[in-house]
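For reference, the chains in residue letters:
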Amino acid sequence: MLDFDAIAKKCNLFDETDVEAVVNNIAALDEEYSREDLVEIYNYILSASHNPEILSNVIRFSDRFRFKSTLDVLVELLLSKTYTEDAALKEKYVNLRSMCAKAIANYKDTSALTPLLYCLNNKDEHYRVRLACADALGKIGDKYAVVPLIDVVKDENEKSVYLRESAASALGLIGDIRAIDPLVSILETKQGLMNKFTFLKERAIEALTKLRLDDNERVFQALKSSLNDESAQVRINAIEALMESSHPKASDAIKICLGDKNEDVRKNALIALYNIQGRDILDEVINLPSYVESLKQEAKYMIKEYEND
């Protein structure tokens, strides 16, 4: 029978004058206790301590084992809120609860869906906690989370565009076809401040790529239109998504980007076409005068690197 009071005293658990020493004392318990005992000790500390730095380290220690009993304690920590006027301490608790969500995701346990969704849907919650919950829902991968994540992606009044990005990525991980329409709508919508929504478009394209919807014409047209986006990275992501598809017109769409004003876009288009068509596109770029010199040099490099073994 473990004596938690004695263990707490041995670790100086409640002496916050030297947090690093407390953490080192907890880490040293590995040398004395079995795996099962360590889990019980960690669960006790996670319930008894109120120091976010100590708790964060114990979460890291406990993640080696991932016992169901620890998952229950992590959920309690995620749902707990500490009210303090100290801005620095408040920030540490936000980090702690975000870390809880990430640790919960590692269990891949659907019993955690309800608390994660509760935090995700609470608009009064700190956006970083909601973001971590969105990521966790994607990693757990249960389709029960699809509709709430779609609601976040579609919510144009959502204050945090980063949260919408995480929700889009989570939908890609879950892989449910119900995500098609909201993800495509992101690409189809014209926004006034495009720089603010660039990453959201990138995440939407990445998610659509994971869904592998090669025969969906609306997806193809949205990706094709994204080749004209003002963001070079969005154009590159669209090229990669089209390359991964088996749409019969993918090559034609990508080929237009060989004349793009951005060198990186041109290079990625050439690589994509090489992966689809092989050596012929490299010879074409080298021999036709319509292509810029830097692209010709890239084609020659690719022949030397990949063709002349």
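Scroll up to find the structure.
Residues numbered from 1 in each chain as written. Predicted model: local features only at pLDDT ≥ 70, side-chain atom pairs only at ≥ 80, totals over all residues. Heavy atoms only, no water.

## Here we look at helix α4 (residues 52-62)
Here comes step 1: Most of α4 sits out of view: nine of its eleven residues are buried.
Here comes step 2: Buried residues of α4: P52, I54, L55, S56, N57, V58, I59, F61 and S62, and no others.
Here comes step 3: Those residues of α4 hidden inside the fold are in contact with α2 (19-27), α3 (35-48), α5 (68-79) and α6 (87-105).
Here comes step 4: Of the residues flanking the start of α4, the one acting as N-cap is N51, its side-chain oxygen 2.9 Å from the backbone nitrogen of E53. (Buried < 20%, exposed > 50% of the residue type's maximum accessible area, 1.4 Å probe, protein only. Helix = DSSP H or I, 4+ residues; strand = E, 2+ residues; numbered from the N terminus. Contact = heavy atoms within 4.5 Å. Polar contact = N/O pair within 3.5 Å; in protein donor to acceptor, adjacent residues only side chain to side chain.)

## Some thoughts on the nonpolar core
Here comes step 1: Formed by 107 residues in total, the largest nonpolar core has its most connected members in I26, L116 and L149.
Here comes step 2: It is α6 that provides the largest number of residues to this core, a total of eight residues.
Here comes step 3: Leave out the neighbours within four places in its chain, and L149 touches L120, A134, L137, A167, A170, L171 and I174. (Core = buried A, V, L, I, M, F, W, Y, C linked by side-chain atoms within 4.5 Å.)

## Some words on a negative patch on the surface
Here comes step 1: Taken together, the side chains of D15, E16, D18 and E20 present a region of like negative charge at the surface.
Here comes step 2: When you line up the elements, D15 lands in the loop between α1 (4-11) and α2. (Patch = residues over 30% accessible without salt bridge, like charges linked within 9 Å, V, L, I, M, F, W, Y side chains within 5 Å. Areas by Shrake-Rupley, 256 points an atom, 1.4 Å probe, with all protein chains shown as cover. Salt bridge = Lys/Arg side-chain N within 4 Å of Asp/Glu carboxyl O. Lys, Arg positive; Asp, Glu negative; His and termini not counted. Charge placed at Lys NZ, Arg CZ, Asp CG, Glu CD.)

## What about the pattern of salt bridges?
Any two side chains of opposite charge can pair, given that their charged atoms come close.
Here comes step 1: All chains considered together, the criterion is met by 20 salt bridges.
Here comes step 2: We note a salt bridge from D229 to K201, for which the minimum N-O separation is 2.7 Å. Of this pair, D229 sits in the loop between α13 (217-226) and α14 (232-244) while K201 sits in helix α12 (residues 194-211), and the two are 28 residues apart along the sequence. Residues D229 and K201 agree in their burial class; the two are buried.
Here comes step 3: K255 serves as the salt-bridge partner of E284, at 2.9 Å between the closest nitrogen and oxygen. With E284 in helix α17 (residues 279-287) and K255 in helix α15 (residues 250-255), the pair connects residues that are 29 residues apart, well separated along the chain.
Here comes step 4: The partly exposed category is assigned to K255, whose relative accessible area is 29%.
Here comes step 5: In the salt-bridge network here, residues are joined through shared partners; they are K81, R97 and E125.

## Concerning the packing of aromatic side chains
Here comes step 1: Counting across every chain of the model gives four aromatic pairs.
Here comes step 2: A centroid spacing of 6.4 Å and a plane angle of 15 degrees characterise the contact between Y42 and F65, whose relative ring orientation is stacked. Remark: F65 occurs in the loop between α4 and α5 and Y42 occurs in helix α3; sequence separation between them is 23 residues. By the burial criterion, Y42 is buried, and F65 matches it. (Phe/Tyr/Trp six-rings, centres within 6.5 Å; stacked < 30°, edge-to-face > 60°.)

## Some remarks on the environment of Q233
Here comes step 1: Topologically, Q233 is positioned in helix α14.
Here comes step 2: In the structure, Q233 is positioned 32 residues away from K201 in sequence and 9.6 Å away in space, judged by C-alpha atoms.

## Focus on the state of the cysteines
As used in these notes, a disulfide is a covalent bond between sulfur atoms, one from each of two cysteines.
Here comes step 1: Applying the stated criterion across every chain yields a total of zero disulfides.
Here comes step 2: Free of any disulfide, C100 has its nearest cysteine sulfur in C133, 9.6 Å distant.
Here comes step 3: Under the relative-accessibility criterion, C100 is labelled buried at 0%. (Disulfide = S-S within 2.5 Å.)

Scope: geometric values only; no functional claims are made or implied.
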